[in-house]
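# Understanding the architecture of this molecule
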Amino acid sequence: MALLPILRYPDPRLHTVAKPVLAVDARVRTLVADMLETMYDAQGIGLAATQVNVHERVVVIDVSEDRNQPLVLINPVIDWASPERAKGEEGCLSVPGIYDGVERAVAVRVTAIDGEGQSRAIEADGMLAVCIQHEMDHLLGKVFVEYLSPLKRNRIKSKLLKQLKEERA
């Protein structure tokens, strides 16, 4: 297993739409293992392959308190989203240190392939539902700050670009 570098907003590669995974083979299983290691190391609860510059439809999530219940979603599709929506504070490993309110469906049903190549359906609400929607946005090339006003988004972009310049200096 290996830690993978996480792309940081406003890196244009975060806007790449991910392609479907054709087969859950050794390469994809290694990617999943590396993504889980990277997510846990970064103290995150979710990570999409897009965030590690792999543009395939792979997501890893673990919202458990003990960080020992990894969920792997390959080629995930939201089959149903509740009409009820709620605004909640979100953050992102690709947008470090930034948190803001985003409105999402409070519950979703997702069909995906797991890390063993088996098809499964998952019904989720609460934090898991939010995390699934957030990570699936990444697969579509969308970062959560894009739900914010242009003014907030530009402030975040400026702040992160300034941080990056300071880190490289």
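The notes below deal with the structure included here.

Cut-offs and rules
Residues numbered from 1 in each chain as written. Predicted model: local features only at pLDDT ≥ 70, side-chain atom pairs only at ≥ 80, totals over all residues. Heavy atoms only, no water. Patch = residues over 30% accessible without salt bridge, like charges linked within 9 Å, V, L, I, M, F, W, Y side chains within 5 Å. Areas by Shrake-Rupley, 256 points an atom, 1.4 Å probe, with all protein chains shown as cover. Salt bridge = Lys/Arg side-chain N within 4 Å of Asp/Glu carboxyl O. Helix = DSSP H or I, 4+ residues; strand = E, 2+ residues; numbered from the N terminus. Buried < 20%, exposed > 50% of the residue type's maximum accessible area, 1.4 Å probe, protein only. Expected span 1.5 Å × (residues − 1). Contact = heavy atoms within 4.5 Å. Pairing = 2+ DSSP bridges.

## Quick look at a nonpolar patch on the surface
Nonpolar side chains collect at one region of the surface, where Ile45, Val63 and Met127 lie side by side and expose about 240 Å² of accessible area between them. If you trace the backbone, Val63 turns up in the loop between strand S2 (58–61) and strand S3 (71–81). The exposure class assigned to Val63 is partly exposed, which follows from its relative accessible area of 34%.

## A short note on the pattern of salt bridges
Opposite charge on two side chains permits pairing when their charged atoms draw close. In the structure shown here, the tally under the stated rule is seven salt bridges. One salt bridge connects Arg85 with Glu103, and the closest N-O pair in it is separated by 3.1 Å. With a gap of 18 residues between them, Arg85 in strand S4 (residues 85–92) and Glu103 in strand S5 (residues 95–105) connect regions that are remote in the sequence. Take Arg85: its relative accessible area is 46%, and that puts it in the partly exposed class.

## Some words on helix H1 (residues 26–41)
When the terminal C-alpha atoms of H1 are compared, their 22 Å separation across 16 residues agrees well with the 22 Å that a helix rising 1.5 Å per residue should span. All buried positions along H1 are accounted for by Val28, Leu31, Val32, Asp34, Met35, Leu36, Thr38 and Met39. Taken together, the buried residues of H1 touch strand S1 (46–48), S2 and S3. Within two residues after H1, Gln43 carries a phi angle of roughly 65 degrees, on the positive side.

## Observations regarding the pairing of S2
Neither face of S2 is exposed, since Val58 and Val60 on one face and Val59 and Ile61 on the opposite face are all buried. Where S1 and S2 come together, three bridges link them in antiparallel fashion. Each bridged residue has a counterpart across the sheet, and for Gly46 the counterpart in S2 is Ile61.

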